[in-house]
Structures are given as C-alpha cells and as structure tokens.
Amino acid sequence: MTTPKTHEQWQDDAFSNILSVTLDNSNPKRSSRYYLQHVAEELRSENASVLITTATFERVLVARLDESAVAASGTGVSEYLINSWRMAQTVASNLRGAKGKALDPAVREARIQALIKAQALLVSYIGLSLQIPDMFSQTGRPGQTAIVDILLTDDNPMAELLPELLSQLATRFAGDGLPEVIAPIINELALRSLLRANRSLLQPGFRSILAALDILTANRAIAAAIPFMPIFDPEDCNGRRMQTGTALGPFLALSAFPASDETIASVYYSDAPQRSHQDCESLHMNLRTTVQFLQSALFEVVNRLVRSGADERAQTLQFSLRVLATNALRSGMQVDFTRVVDDGFADNLASVWLRLSEPFTNDAMLKRLNRIDPDWVTLRAMRTLANGGLDDEHNYISTYWQELTRVNADKELVDAYLKSKVNLPSDSTGGFIPDCFFTTAAALHLGPISTIARYIEMLKRIARFKDEINRIERMPELLSPMHRAGLPMLMQRWKDQLLNMEREKCAMDAQLLDPRRLSSMLVFYRFVICFLLRQVDKSGEFPQQPFSMPPESSDSSQIAEKWRMLPEFIIEDAIEFIVFVTTYAPDTLIDSASQVGQGADSGLGLRTFDDILPLFAVAFLARPKYIRNPYLKAKLVDILHMLTYRDPREDDDYVDTLGGNIPGTLRLHPSIQQFQGNLDNNALARVYLVPALLRFYVDIEQTGSSSQFYDKFNIRYYIARILRALWSRAPRYVEVTRSFFMQANAGAAGATTTGSTRRDQRVIEEFVARLMTDTTYLLDESLSKLAIIRDIEKRRQQEQVPEPMPGDESQNDEASRLQEAERMARSYVSLAHETVHMLAFLSRLVPRPFQAGEVVGRLAAMLNYNLQQLAGPKCSSLKVQDMQQKYMFNPRVLLSELTSVYVHLGLASAGPKSAEEREEEEEAIGRFTLSVVEDDRSYSVSLFEKAYGILEQRSLKSAQSLERLREFAQRCQEAKVDSRLMEYLESQAPDEYLDPLLASLITNPVRLPTSDNVMDLAVIKGQLLSDPRDPFNRAPLTVDMLEPLPDMKHEISEWRERKIQEYRANQ
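Conventions used here
- Residues numbered from 1 in each chain as written.
- Predicted model: local features only at pLDDT ≥ 70, side-chain atom pairs only at ≥ 80, totals over all residues.
- Heavy atoms only, no water.
- Helix = DSSP H or I, 4+ residues; strand = E, 2+ residues; numbered from the N terminus.
- Rg over C-alpha atoms; globule rule 2.2 N^0.38 Å.
- Buried < 20%, exposed > 50% of the residue type's maximum accessible area, 1.4 Å probe, protein only.
- Contact = heavy atoms within 4.5 Å.
- Pairing = 2+ DSSP bridges.
- Bend = angle between axes of the 7 residues up to and from the residue.
- Polar contact = N/O pair within 3.5 Å; in protein donor to acceptor, adjacent residues only side chain to side chain.
- Core = buried A, V, L, I, M, F, W, Y, C linked by side-chain atoms within 4.5 Å.
- Lys, Arg positive; Asp, Glu negative; His and termini not counted.
- Salt bridge = Lys/Arg side-chain N within 4 Å of Asp/Glu carboxyl O.
- Axes fitted to C-alpha atoms, helices over the stretch in contact; angles between N-to-C directions.
- Parallel < 35°, antiparallel > 145°, perpendicular 65-115°, else oblique.
- Left-handed = near helix turned anticlockwise from the far one by under 90°.
- Nonpolar A, V, L, I, M, F, W, Y, C, P; charged D, E, K, R; others polar.
- Patch = residues over 30% accessible without salt bridge, like charges linked within 9 Å, V, L, I, M, F, W, Y side chains within 5 Å.
- Areas by Shrake-Rupley, 256 points an atom, 1.4 Å probe, with all protein chains shown as cover.
- Phe/Tyr/Trp six-rings, centres within 6.5 Å; stacked < 30°, edge-to-face > 60°.
- Lys NZ or Arg CZ within 6 Å of the ring centre and 35° of its normal.

**Topic: the overall build of the chain**
Then comes step 1: Secondary structure summary: the chain contains 44 helices and 5 strands in total.
Then comes step 2: Its C-alpha atoms give the chain a radius of gyration of 40 Å, clearly above 31 Å, the size a compact globule of 1067 residues would have.
Then comes step 3: Dimensions of the chain, computed from C-alpha atoms along their principal axes, come out at roughly 155 × 75 × 50 Å.
Then comes step 4: Counting across all 1067 residues of the chain, residues that qualify as buried make up 53%.
Then comes step 5: Partitioning the intrachain contacts of the chain with sequence separation of at least 6 by distance along the chain shows that 74% fall at a separation of at least 24.

As structure tokens, then:
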C-alpha cells in the first residue's frame, strides 16, 4: 500500500511542477526540470528539508529568476512567471473541482491555501517585472508583450485565465504602484493598434485590439488606475502628439475617415461614384455598423474610467479638455493636420462625450438643465485641480477657454471679468453634469462641427471642379493654345482627380450623414438651445415655464454678464449643425428619436423641431442685441429660409399681375410644411417674427466684414423669401406687417415688438431706405449684365467667329466676360425680382412710409429710371437666350410689379377713411406724383404709354388695373403744371430758404447741432438713413439730435403763400 504524501511532499511535487525546477537531480521524473543546485546545497547546509514548500517557495523562485537560469532556459522572466501562475491556477482549479472532492476537506483546503500563497508571490513578481523590468534578465519577451500576445490570441491556453491574473495583479498592487504595473501593458496594446493591420477598420485586427482593451478596463481597479498612469496624459504631449503619445490616443485614432485610412476611399469606395444610390447606401450601412461598434467600445472604456471615482473622473476630464485645448487650430479656416489630431480622433472623442451626456440630454423634460452654470469657464476651466477646477499645470486649458470669442463681449471685457471672478472662493465644483456638458460642446466644436465645415467646402470644390470641366469641354477656346493641344490628356487627369474627390466624399457621407449620429447630435443641441433660451428667458425658468421674451436692450451692457461671457461657439455650433441637417439630412429633423418630447401641449416635454427650433430662431432675431456676431443671426435667417422654402418657379402671388410664373417641378421635403405649421402655432412667432425680419433687413447693412456689401444682398433675399412665404400662407402675417408699419407710423404710445415706437419708426424708415437703395442697385446690375450677355450673343449670331490664332486672346477675354456676366446675372436677377416684389407688396399694404418726404424723391427717380429700362427704347436689349430658365429673368413680371408701385403710391386706396385721413392721403399722393414728374432725367408721358401698351398687349394686368395706371399717368400730366410753380418758387427764394444740399425750397427747417447748418427735415432724414453723419463735417448725427425751427418754418410758409399768389396772378 502506497504511503500518503505529507503536505510538504505534496508541495514539493506541485511547486516543482509549477516552477519547472527541482532540488533533487536524482529523481528521474524531474530530469527535464531546471536543477537549482546552489539552493539545494544551501538548504542542506542549514540542515533544512530539501523540499520546495511555502517556506522556501520565494527563495526557489528568486533563484530561478537568476540571469544564468533564465539564459539557460531561453524563456523570458515575465513569460516564465505567467506560465508558472497558469500552472498554479490549473492545479488550484483541479483541487476545487472533481479531482479534489476525493481528498479530505482539511487536506484540500491546506493545499489550496499553499497554492494561493504561491500565486500571490508569482503575481508580485509578475507585477515587479512590469513595474521595474531592469530588476530581471532581459532575455525573452517583456511581460507586457507576453500579456498583450495573450490578449490578442484567441487560442492561447492562457486567454481564459488572463482576467483572473489581471484581477490578482490589481488586488496585489492596489495602492502600491498599480498605474506603473498597468502602463506597459496599455502602452504595448496602443503600439499594436498603430500597426497597419490593426489600424484599418476594413481589417479584423482592430476588433482584437478593442476586445483586449475591454478586458483590461473591465477590471474596475485597472480602470481606476489608468488615469494615473504616467503615459495617460504626459505633460510634454500636445497637439498631434496626443494621438500617438498618450495612453488612449492610438485607440481614439482608429477611424474610417479617409484622412485616417486612405483605403476607405481608394478600396472600399473605389467604384462608389459609379454605383446607384441604393448600392452606396448599402456600403454606408456596413461601414456605419463598424464605426458604431468602434465608438461603442471606446465609450465603454472611457465610461469605466469616468465612473471609477471623483479623482479618476477629474483626470479623464482634464485629459479630454487638454486634447481639445492643444488642438484648437482644428476649428480654423486653413488647418495644418501635421499639428492637430485628425478627423477620426476628434470624432471618436466627441462621440464618447456625446454618449456620456445622454443621461441628462435625453430627458424629455430637461429636468437637469438648471445644473448647468453659464459661468462654468470661470468656475472650472480657469482653475487648477487643486483649486476645484480642471486646468492643467501648463495652463493649456485655461488659456484656450480664455481666448475663445464670446457671445457679446470683447477680449478686454472678458479678461477683466475673468480676473475679477477666478480668485473668488468656490465651495462647489458643480458636479459632473456641467463638466460633461461643456466638454461635449467643445468636443463637438473641434470634432464633427469642424469636419462638417470642411465637408461643405469639399462639396463646393467638387461642384466648382465639375463646372470647370464642363465649361472647358463646352468652350475649349478658354484655354491658351498651348494647353489646348494637350486637352485630352489634361481632361483625363482632371476627371481622375474628380473621381478621387468623389470617392472621398462618399467616405465622408458614410459618417457625417449617419442618421443615428445626426439624431444623437440633434438631441444634444436640443439641450444646448434650451440652455441658451433659459439664459435669456425673462423669468429664467424655461422650459419648466413657457418662454417669456426678454426686454429689448438698447445697449449690450444691459445684458447679464454671464450671458455675454458664454463662448460664442456654443450658440454658433447649434446653428451651424441645424443648417447642415436642414440642408443635407432633413429627415433627422422630423425623426421621432430627435424630437424627444411629446409637444408643448402634452406636458411631456418640448419637441426639438416642433417647439424649440421655431422659438430659438424667433427669440434671437427679435432680440438681436443678445448676439454680437451678425453672421450668427444671418444663419438663423438661413434656417428660416430653408424651412419656409418655396420654389421661385412656382410663385403665383405676383402683385397686381396676371400669370407670369413658370411651372415648378421641385418636390419639397415634408419638414417644410411641418415647420410652417409650427410657426403658425407659435404665439411668439405670430407677434415677433415679421418685425424681427424687417429689423434684421436693416441691421445687416453693417457687418464689419470686408464682404459686407455683397453678403447683405443674399441675406436680404432670404428675408424677402421668408416674408413672401409667410404673407402668402397666412393672412395673420399680413395683418401683423400692416399693424407694425401703421403703429410705428402713427407714433402710438407704449412698447412694441422692438421695445418702443420710436425704435419701430427708425426701423421702418431705414427699411424703406434700404429697400429702395437695393432695388436701384440690383435692377441696374441685373439689366447691365443681361445687356452684356445680349451683346455677346448677338455678335456671335451675326458674325462667323474664326478659330483663335496663336497669341490672340480676344476670344478668350470675351468668353471670360460672358462667363462672369452669366454668373452675376443669375445672382442679381433673382435678388432684383424679389426686392421689386416686396416693394410692390408693401407699397400696396402700407403706402405711407414710401410717400414720406425723406425718400419719395429718390424712390420716384428710381422707379422712372427702371421703367425706362424695362419699357423704353432699349428694352429689347434685355432679351437673352433661355432668360427665364437660365437666369430666372421675367421682364414682364418686373414691369408689371414696378408699375403697380406707381398706382399704389399715386392713387387713393379703397376703403372708408376719415376726413383727416383723406387729407393726409391726398397730401402724400401729391408729394409722390410731383416727385415723379420732377424727375427730368427719365420721366416722360410716352414712357407710361409704352408701358401701358406692353402690359395690355401681354395681358399682364386686368382691365381695372390698366385703367388705374392710365389714371395715374393722367395725374402726372396734371402735376407737371404744379412742378413749374415749384421751379418758380425755388428761383425766387433767398439762399437761406433753400436746402444747402439739394437747393430745394425748405418746408420744415431744422438746425444741425454738429455744424450749425439749416436744412429741410425731409432732406436730412433721407441723408441720415444712408449715412448717420453730418454731411458738412462728418460728425456723428442722428434724427433725435435735430433742432426744429418753428419761427423760420412760419416765415417760409408766409413767404411761399405770397409768391404763389404772385405766380398765379401773372398766369
């Protein structure tokens, strides 16, 4: 019968097998194990048992780790230790399993405890080999390499046991250098992710990388240690180096953006430009699924770090904020990508923080909106961790946030504000919600929003490139003779270049137009917009209480400092994103996932598109002083224009005009109809929207940009189209417009939509002046460009154009002139049509502001000049090929609406009036009619007869409208007599009765305090509408500063009456 082994003998057998060593070289069963002779001899000399037991285990292990022993075995220290731990784990598992059940429980427990102690020692040495690798022989694979190999190899026998090893490592080194133990493993895995096979999302390698990272961070202790690793956020690492030199950088750099992986465009989308839309969507779907897997994995990793504890969360926040701060150049116009992280890295970081923000942004009721302190920059970004903030030691974070443009404050004001606030004590950090909110906003700003801006520029480049290729194919004479000879080769090269651009576009489409991604971003910006509205809400309780329009501020200093100090990008990005989605992915707007709430009336939360977006646009257009940057307000107009869009080819609301429209074929997106219904149901929109648009029409005159002269026309075109859509859709908007003009014109007491009737009056006066000036300029430019096109077309039809001779550039110049004229005509004609329509509509609705003395003279001259262009001798020169389809030019409609203005301002309107109103109307009509006939440059009776003939022949007006036009022409002939009287009065008047600018008779004298000159009130008001300075010395001057001269007015009136009697007595 076999004698049972003692506990010491069992330990010797087990540990010898685990460590693959022996102290007894006479045992044939252990002949293959490494003989530790000197340890055996030492034990004998000490009269100790020559056995490997718990008491001698570490002594034996240290001897085995001796350099000579390692060299003899050929296996590296870490690899040996890991294999030994695996053997110990296997023996322990057997004891705990079926094989151990036959043993006496006490014996089994003793053996298990011995193994636990042995494993603890092995784990300690494994950790030390990672923490201080120089302690051991460098033969074989380093520990981090061995562990990462196990993580990345599915069939490794150690793979299933690795989580347990990691758990024991984390337990052993908790509080004893765990970050230094884990750092080499994370770093090795990060380096592996940079290998081409693991970097491309088209290859399976990246999935193994992410799976390995998941295993590591699934251990809470390891996750908590990662933010404290030396390589987590090295001080000397910033900008582009954050992508490769930090612990998480290489993982965040995994991407399907073409800039990160060129094979996405060149291989995956190689033939996409030739594929059908359905095929491309299938490609997109597969790639989007892969990207969603990637970003979900990255989120899980960062989420574990953030939720490990307050200190770990602060370190992770600081890392993210430092990445953003040192890569601020990503948001610039010209980005040097050798200095900043690429699109993929920035996009992944934004995706992670977007997911982290979902618990509070996805709440339909926005209950945690009150947790967001607008002064977060001062409380957190400007303070170090030691002082309750998040700033880093080199102040990258605080510098970035301090230098940001603010919503309504200049740099001097910002610096003073921060200086006064940053050193004040703060007992509260505000919690994770505000930190997450502002970090997410900044991550989106430097990530997706910046990428979207470059994507839009890429689309423009592609469109220009296509146009240029088509233009050269149509008109090769535009090229020089030298280039024309190699045109086929050049053309092929350009088309190849265009193909590469289109492949890149397809790759960008897959991510930037991903519906899930867009919906998630829109939900976040829903929260942002509500945060912004809450800051300006009069009660400060939005959205828990209905929004209350804040008071009008005549000066920015009256606005709350916290609002003025908000970073501008927060509101800018919300607007830019909505513009992008509206233009390229409107389905997102009406998607149920994006709407979140159930509607204002339900009590279950506001809906993004139905409730919040209309309120956002109306509130900040109605209170323009809250946002300093005029282009942000212009973007709100863009949004309104797109969401109230009507195809100009389908316009059928021409003023007093029959027909004239071209049938349209454009199918509008359902979001347009839905948004218009939302506006109709929005109480604030019904009151404030029209006045706000009219006001912005005026304000956009001055933007501070070098391109402001041209920018204003596009913005005003959008305003005109929005107003046209509103007026044609609902009578209430027409009535609001009328009320706004009439209330201000009457000088009614009390506050109005802009805060005061005086401000309303100023808005209307300036609006009429701008509308008149725009009409003059746009019609003149439109007609002049069409005349150039007509001349070139006529010459080409009449002459046989020869092939260009070498060195002869005349035809090249002509082709260039034609191209430029066509480009400008397409723009100016649309603008001119819309401006004339608005003039015709408003002059019918509210004629009095257009008959005011300060504008009526210039308005009459403008009408006469353009009537001469459209109906005079040169009108035939305006006819060009495809003028309606190509340029949207409809001269008949222009003529009809232009002549309508004469009738609206020159004849009495229908409807009951008091005697006072009739008298006022007759005076205004007489003023306008006299101004028309006094324009000697363009006015003539025959001109009206010619216009009448065209309108009648083309059936552009009804018989009643034609009769009214004839009636006005007759009044003009009668008024011509009165104009001779005016000439007589001006010739007889002393110099002090004549206006010094126009030499016209003064009727309402005022003194200019800035130069002490006397002028007619109507003349100086007209001057100040276009230039608010004294015309004599350029000093600032406003209408409010003018000083009435009632005595002089009475004196001139008496003199005028005497002279009129003299004139009539001599007739």
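Back to the write-up after that little detour.
**Concerning the sheet that holds strand 5 (residues 1043–1044)**
Then comes step 1: Taken together, the 3 strands give an open sheet; going across it, the order is 4-3-5, and neighbouring strands pair in antiparallel fashion. Where the open sheet ends on each side, the last strands, each with one partner, are strand 4 (1014–1016) and strand 5.
Then comes step 2: As paired elements, strand 3 (residues 1005–1007) and strand 5 share 2 bridges and run antiparallel to each other. If you follow Val1006 over to strand 5, its bridge partner there is Pro1044.

**Structural notes on helix 17 (residues 343–361)**
Then comes step 1: At Arg355, helix 17 shows its maximal bend, which comes to roughly 30°, and the proline Pro359 appears one to four places after that position.
Then comes step 2: Counting buried positions along helix 17 yields 16 of 19 residues, so the element is predominantly enclosed.
Then comes step 3: Two or three places before Gly344, at the opening of helix 17, Asp342 has a side-chain oxygen 3.2 Å from that residue's backbone nitrogen.

**Digging into the nonpolar core**
Then comes step 1: One finds Trp401 and Trp563 to be the most contacted residues of the largest nonpolar core, which totals 314 residues.
Then comes step 2: Looking at this core, the element that brings in the most residues is helix 21 (residues 432–474), giving 19 residues.
Then comes step 3: The residues touching Trp401, leaving out its near neighbours within four places in the chain, are Leu321, Trp376, Val377, Ala381, Arg406, Phe438, Ala442, Pro567 and Phe569.
Then comes step 4: Formed by 12 residues, the second largest nonpolar core is a distinct cluster that contains Leu981, Leu985, Leu994 and Ile1060.

**Some remarks on unusual backbone geometry**
Then comes step 1: Phe542 connects to Pro543 through a cis peptide bond whose omega is 5°.
Then comes step 2: Tracing the chain through its elements places Pro543 in the loop between helix 24 (515–536) and helix 25 (561–564).
Then comes step 3: Positive phi is not limited to glycine here, since Asn47 has a value of about 60°.
Then comes step 4: Tracing the sequence through the fold places Asn47 in the loop between helix 2 (37–45) and helix 3 (57–64).
Then comes step 5: Owing to a relative accessible area of 76%, Asn47 belongs among the exposed residues under this scheme.

**Considering the environment of Leu317**
Then comes step 1: Mapped onto the secondary structure, Leu317 falls in helix 16 (residues 310–326).
Then comes step 2: Relative accessible area serves as the criterion here: at 1%, Leu317 is assigned to the buried category.

**A few points about the side chain of Arg564**
Then comes step 1: Structurally, Arg564 is set in helix 25.
Then comes step 2: Buried and without a salt bridge, Arg564 has Glu561 as its closest oppositely charged side chain, separated by 5.9 Å.
Then comes step 3: A polar contact of 3.0 Å, which involves the side chain of Arg564, links it to the backbone oxygen of Asn408.

**Comments concerning the packing of helix 17 against helix 24**
Then comes step 1: Interaxial distance between helix 17 and helix 24 falls to 10 Å at its minimum, and their mutual angle equals 55°. With respect to helix 24, the element helix 17 is oriented oblique. Crossing of helix 17 against helix 24: the hand is left-handed. Where helix 17 abuts helix 24, its residues Asp347, Leu354, Ser357, Glu358, Phe360 and Thr361 lie against Arg517, Ser520, Met521, Val523, Phe524, Arg526 and Phe527.
Then comes step 2: For the contact of helix 17 with helix 24, the residue count by class is 6 nonpolar, 3 polar and 4 charged.

**Section: a nonpolar patch on the surface**
Then comes step 1: Among the surface-exposed residues, Leu997, Leu998 and Phe1032 lie close enough to one another that they form a single nonpolar patch of about 270 Å² accessible area.
Then comes step 2: Within the secondary structure, Leu997 is located in the loop between helix 42 (959–988) and strand 3.
Then comes step 3: On the accessibility criterion, Leu997 (37% relative accessible area) is partly exposed.

**Here's the deal with the pattern of salt bridges**
Then comes step 1: Taken as a whole, this structure holds 56 salt bridges when the rule is applied.
Then comes step 2: Residue Arg59 pairs with Glu42 through a salt bridge whose shortest N-O separation is 3.1 Å. Pair noted here: Arg59 is in helix 3 and Glu42 is in helix 2, with a separation of 17 residues, a long-range link.
Then comes step 3: Residue Glu42 is classed as partly exposed on the basis of its relative accessible area, which comes to 34%.
Then comes step 4: Among the charged side chains, a network of salt bridges with common partners joins Arg646, Asp651, Asp653, Arg721, Arg724 and Glu834.

**A few points about the packing of aromatic side chains**
Then comes step 1: The final tally for this structure, using the stated rule, is 40 aromatic pairs.
Then comes step 2: Each ring, one from Phe15 and one from Phe57, has its centre 4.9 Å from the other, and the planes form 70°; the classification is edge-to-face. Of this pair, Phe15 sits in helix 1 (residues 7–19) while Phe57 sits in helix 3, and the two are 42 residues apart along the sequence.
Then comes step 3: Given the relative accessible area of 0%, Phe15 is considered buried.
Then comes step 4: Phe57 sits in the buried class, given a relative accessible area of 1%.
Then comes step 5: For the ring pair Tyr717 and Tyr718, a centre distance of 6.1 Å and an interplane angle of 55° mean the geometry is tilted.
Then comes step 6: The exposure class of Tyr717 is buried, given its relative accessible area of 16%.
Then comes step 7: For Tyr718, a relative accessible area of 26% gives the class partly exposed.
Then comes step 8: Of the aromatic side chains, those joined through ring pairs into one cluster are Phe360, Trp376, Tyr400, Trp401, Phe437, Phe438, Phe524, Tyr525, Phe527, Phe531, Phe569 and Phe577.
Then comes step 9: A cation over a ring is seen here: Arg64 above Tyr80, with NZ or CZ 4.0 Å from the ring centre.
Then comes step 10: Note that Arg172 overlies the ring of Phe173, its terminal NZ or CZ placed 4.3 Å from the centroid.

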